[in-house]
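Observations on chain architecture
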Amino acid sequence: MRSLMIVHDLSHEADAALLRAVQLSRQHDAELHVLHVIQGHLPPAVMASAKEAAQRALDESLRRTGAPTDTRLSIESGRVAETILERSHEGETDLIVIGLHHQKSPEMFIGTTLERVVRQSALPVLVVKNSDGQPYQRGSIALDFSLCATHALGNLYDLMPSDADIYAMHVFDLPASGFLGRPRSTEKMIATQEQMIAQLVSDEQERLGADGPTIHSEVRQGGIANALDESIYTRHSQLLALGSHGRGVISQALLGSLTQHYLRHPPCDLLVCK
């Protein structure tokens, strides 16, 4: 990772995200870029005052979190999500880091800045829930046979230190009736899935290199959100990675239901990849 951009809105949640961004920049020897966006267009005098106040607050946050002295700080005005996306795709940014906010918008609408950034960004987005300056040690991922899921695994692998553990969870539902409903057929199907996922993990571990985290695989039958929640809770995972499936034009308006669920109810930090 060459560079990461942290979006800071002067909130406590953004300070938690900044702490994580500082840790990652040091772990990966990556450039750190802090972006603050002032919503809308204000009169020049008001804008100048707002920028001065933001500069003071951000300087204090950078000092408090021990940010590198060469951290790049940008204060801009405009539409928040659009500005974040524009700046993140300039230069060599590899990761967007943003703090979690508990929005009270109606569930029928996907209108938060966070969701817009995740929906439209081609870059991985790390959503920080917890304040922790230590490297991640336990990560989980929802793994299937899609390209975006293996891409998410690769991003998670690169993000975590070599002594960490990754738990790859593959969850599937069996038909309620038919020959697969018989116990022997069910056991055979689960065994087949376990073999396929183990081979996928083995191939990915070989492709990603031997000097990274250890990847463990598990196959479960049932609902994916419940299975992931249980795995994260029992293993005390600090980071969950999801591949956001693209669906052409629809993906421009909607997020996958699993991604949307965890953006609004994350059990830990969340890494979303395309």
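Report follows, based on the coordinates. Keep in mind that this is a model prediction, so the values were computed, not measured. (Residues numbered from 1 in each chain as written. Predicted model: local features only at pLDDT ≥ 70, side-chain atom pairs only at ≥ 80, totals over all residues. Heavy atoms only, no water.)

Some points on the overall build of the protein
For the record, the criterion: Every helix listed is a DSSP run of H or I at least four residues long, and every strand listed is a run of E at least two residues long, numbered separately from the N terminus. Categorising residues by exposure relies on relative accessible area from a 1.4 Å probe, with only protein chains included: less than 20% of the type maximum marks a residue as buried, more than 50% marks it as exposed, and the intermediate range marks it as partly exposed. Two residues form a contact once any of their heavy atoms are found within 4.5 Å. In this description, accessible areas are obtained by the Shrake-Rupley approach with a 1.4 Å probe, and a residue is regarded as covered only by the protein chains that are shown.
A tally of regular secondary structure across the protein gives nine helices and ten strands. Per-residue burial for the protein yields a buried fraction of 50% across its 274 residues. For the protein, the share of sequence-separated contacts (at least 6 apart) that also reach a separation of at least 24 residues comes to 81%. For the protein, the exposed surface amounts to about 13,900 Å²; the carbon and sulfur share of it is 51%.

A look at the side chain of Ser 121
Let me state the cut-off plainly: Polar contact is defined as a pair of N or O atoms within 3.5 Å, subject to the rule that within protein one atom must be able to donate a hydrogen and the other to accept it, and that residues adjacent in sequence are counted only when both atoms are side-chain atoms.
Topologically, Ser 121 is positioned in the loop between α4 (113-120) and β5 (125-128). Only 3.0 Å separates the side chain of Ser 121 from the backbone nitrogen of Leu 123, close enough to count as a polar contact. Setting aside residues no more than four positions away along its own chain, Ser 121 makes contact with Leu 85, His 89, Ile 96 and Lys 274.

Quick word on the packing of aromatic side chains
We count it as follows: The aromatic pairing rule takes the rings of Phe, Tyr and Trp, using the six-membered ring of Trp, and pairs them if the centres are within 6.5 Å, calling planes under 30 degrees apart stacked, those over 60 edge-to-face and the rest tilted. Both a distance and an angle decide whether a charge sits over a ring: NZ of Lys or CZ of Arg must be within 6 Å of the ring centre and within 35 degrees of the ring normal.
Tallied over the entire structure, the rule returns zero aromatic pairs. Of note, Arg 20 hangs over the ring of Tyr 136, and the distance from its end group to the ring centre comes to 3.8 Å.

Observations concerning the sheet that holds strand β6 (residues 138-142)
Keep this limit in mind: One requirement defines pairing of two strands: DSSP has to find at least two bridges between them. For every element, the axis is a line fit to its C-alpha atoms; helices are fit only across the contacting stretch, and the angle between N-to-C directions ranges from 0 to 180 degrees.
Spatial strand order, β3-β2-β1-β4-β5-β10-β9-β6-β7-β8: ten strands in an open sheet with mixed pairing. Unpaired on one side and paired on the other, β3 (72-78) and β8 (214-221) mark the two borders of the sheet. When the angles between neighbouring strand axes are averaged without regard to direction, this sheet yields 20 degrees. As paired elements, β6 and strand β9 (residues 239-243) share three bridges and run parallel to each other. Looking across to β9, one finds that Gly 139 is bridged to Leu 239. Across the sheet, helix α9 (residues 257-264) touches β5, β6, β9 and β10 (269-273), and the angle it forms with β9 is around 150 degrees.

What to know about the pattern of salt bridges
Pairing of side chains with opposite charge becomes possible as their charged atoms draw close. Put simply, the rule is: Salt-bridge detection follows one rule: a side-chain nitrogen of Lys or Arg within 4 Å of a carboxyl oxygen of Asp or Glu.
Summed over all chains, the structure comprises 14 salt bridges. The residue Arg 64 makes a salt bridge to Glu 60 at a minimum N-O spacing of 3.4 Å. One end of the pair is Arg 64 and the other is Glu 60, both in helix α2 (residues 44-64) and four residues apart, which spans about a single turn. A relative accessible area of 32% places Glu 60 in the partly exposed class. Taking the shortest distance from any N to any O, the salt bridge between Arg 235 and Glu 218 comes out at 3.0 Å.

Notes on helix α3 (residues 80-88)
Residues of α3 that are buried include every one of Val 80, Ala 81, Thr 83, Ile 84, Leu 85 and Ser 88, and no others. Contacts made by the buried residues of α3 are with β1 (3-7), β2 (31-39), β3, β4 (95-99) and α4.

Side note on helix α5 (residues 147-159)
The cut-off we apply is this: How far a helix is expected to stretch is found by multiplying one less than its residue total by 1.5 Å.
End to end, α5 covers 18 Å across 13 residues, agreeing with the expected 18 Å (1.5 Å per residue, within 8%). Of all the positions in α5, only Cys 148, Ala 149, Thr 150, Ala 152, Leu 153, Gly 154, Asn 155, Leu 156, Tyr 157 and Leu 159 are classed as buried.

Comments concerning the side chain of His 8
Tracing the backbone through its elements, the reader meets His 8 in the loop between β1 and α1 (12-28). The exposure class assigned to His 8 is buried, which follows from its relative accessible area of 2%. Reaching out from His 8, the side chain makes a polar contact with the backbone nitrogen of Leu 10 at a distance of 2.9 Å. In contact with His 8, not counting residues within four places along its chain, are Ala 14, Asp 15, Leu 18, Val 34, Leu 35, His 36, Leu 58 and Ser 61.

A look at the nonpolar core
The line we're drawing: We define the nonpolar core as a collection of buried residues of types Ala, Val, Leu, Ile, Met, Phe, Trp, Tyr and Cys that are connected through side-chain atoms lying within 4.5 Å of one another.
Counting 44 residues, the largest nonpolar core has Val 97, Leu 126 and Leu 271 as the members making the most contacts within it. No other element matches the six residues that α5 contributes to this core. Aside from chain neighbours lying at most four places away, what touches Leu 271 is Leu 95, Pro 124, Val 125, Leu 126, Asn 155, Leu 156, Leu 159, Leu 239, Leu 240, Ala 241 and Leu 242. Among the nonpolar cores identified, the runner-up in size contains 31 residues, and Ala 81, Val 118, Ile 232 and Tyr 262 belong to it.

Considerations on the packing of α3 against α4
Keep this limit in mind: Left-handed describes a crossing whose near helix is turned anticlockwise from the far helix by less than a right angle; the clockwise case is right-handed. The nonpolar class holds Ala, Val, Leu, Ile, Met, Phe, Trp, Tyr, Cys and Pro. Asp, Glu, Lys and Arg form the charged class, and all remaining residues, Gly among them, are polar.
For the pair α3 and α4, the least separation of the axes is 9 Å and the interaxial angle reads 35 degrees. As for the relative orientation of α3 and α4, their crossing is right-handed in sense. Of the residues in α4, those in contact with Val 80, Ala 81, Ile 84 and Leu 85 of α3 are Thr 113, Arg 116, Val 117 and Gln 120. In terms of residue class, the contact of α3 with α4 is made up of five nonpolar, two polar and one charged.

Some words on the environment of Thr 186
Examined against the element boundaries, Thr 186 turns out to sit in helix α6 (residues 183-208). Residue class for Thr 186 comes out buried when judged on its relative accessible area of 15%. Separated by 35 residues in the primary sequence, Thr 186 and Gln 221 have C-alpha atoms spaced 9.6 Å apart.

The analysis is restricted to geometry; functional conclusions fall outside its scope.
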